[in-house]
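Working through the structure, step by step
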Amino acid sequence: ALPPLDEASGEDAEPAELPEMPLAEAARPGEPARIALITERPLFRESRRPPEPEPEPESESEPEPEEELEPDPPDPLKATLEAVMGGADRRWIILRLDDSERRERLRVGDTIEDWTLDHIGTDSVRFTHGEATQALRLRDYP
């Protein structure tokens, strides 16, 4: 206990000497059993019980298959078939791209703008792009 203030002089009385505490005792952490008890009974939960552990997902069940989205259809090939040339065993076409004056000479299996020339007929051609197909007919000039 602290001694009372000297009211007559208005000055503080000499502070009382506090007993010395050994440093090892002052800095000693809590005992492991007491710390475990604190974690088992959380202070800020009304029930003072630890939260229930969340159940682990069952690894035996198969994951749900993801829905396969159909890919967007490719942009159509913007071109004009200008000529079909060659004989029965060797054919090629002349194709003009609509966005330029550029002309391309193509054979079956050639690719242009991700479209592959699949078939050459006498007056038409067929291009493929994955599952999509596009046909172009030879233009009739007046």
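It should be emphasised that the depicted structure is a prediction, and the values quoted were computed from it without experimental measurement.

Side note on the overall build of the chain
- Secondary structure assignment for the chain yields 2 helices and 7 strands.
- Along the chain direction, N to C, the helices and strands of the chain fall in the order α-α-β-β-β-β-β-β-β.
- For the chain, the proportion of its 142 residues judged to be buried stands at 16%.
- In the chain, of all internal contacts separated by at least 6 residues, the share reaching a separation of at least 24 is 25%.
- When the accessible area of the chain is evaluated, it comes to approximately 13,000 Å², of which 50% is carbon and sulfur surface.

Description of the side chain of Thr 80
- Summarising the element assignment, Thr 80 is placed in strand 1 (residues 79-86).
- For Thr 80, a relative accessible area of 16% gives the class buried.
- Ignoring sequence-local partners within four residues, the contact set of Thr 80 consists of Ile 94, Leu 95, Arg 96, Asp 98 and Arg 139.

Some points on the nonpolar core
- Within the largest apolar cluster, 14 residues are counted, with the highest numbers of intra-cluster contacts made by Leu 77, Ile 93, Leu 95, Val 125, Phe 127 and Leu 136.
- Secondary-structure elements contributing two or more residues to this core are strand 1, strand 2 (91-97), strand 5 (115-120) and strand 6 (124-129).

Considering the confidence of the model for the chain
- Counting all residues, the mean pLDDT for the chain is 77, and 64% of those residues have values of 70 or more.
- When the elements of the chain are averaged for pLDDT, helix 1 (residues 23-26) gives the smallest value, 52, and strand 6 the largest, 96.

Quick word on the sheet that holds strand 1
- The strand order 1-2-3 describes an open sheet built from 3 strands, whose pairing is antiparallel. One side of each edge strand has no neighbouring strand; the edge strands of this open sheet are strand 1 and strand 3 (103-106). Put simply, the sheet's adjacent strands are angled 20° from each other on average, direction ignored.
- Two elements, strand 1 and strand 2, share 7 bridges in a ladder whose sense is antiparallel. The residue of strand 2 that forms the bridge with Ala 83 is Ile 94.

Digging into the sheet that holds strand 6
- Taking strand neighbours across the sheet as the criterion, the 4 strands line up as 4-5-6-7 in an open arrangement whose pairing is antiparallel. Sheet topology places strand 4 (111-112) and strand 7 (132-137) at the edges, where each strand pairs with a single neighbour.
- In the sheet, strand 4 pairs with strand 5 via 2 bridges, with the strands oriented antiparallel. From the neighbouring strand, Ile 112 faces strand 5, where its bridge partner is Trp 115.

Conventions we followed
- Residues numbered from 1 in each chain as written.
- Predicted model: local features only at pLDDT ≥ 70, side-chain atom pairs only at ≥ 80, totals over all residues.
- Heavy atoms only, no water.
- Helix = DSSP H or I, 4+ residues; strand = E, 2+ residues; numbered from the N terminus.
- Buried < 20%, exposed > 50% of the residue type's maximum accessible area, 1.4 Å probe, protein only.
- Contact = heavy atoms within 4.5 Å.
- Areas by Shrake-Rupley, 256 points an atom, 1.4 Å probe, with all protein chains shown as cover.
- Core = buried A, V, L, I, M, F, W, Y, C linked by side-chain atoms within 4.5 Å.
- pLDDT = per-residue confidence, 0-100.
- Pairing = 2+ DSSP bridges.
- Axes fitted to C-alpha atoms, helices over the stretch in contact; angles between N-to-C directions.

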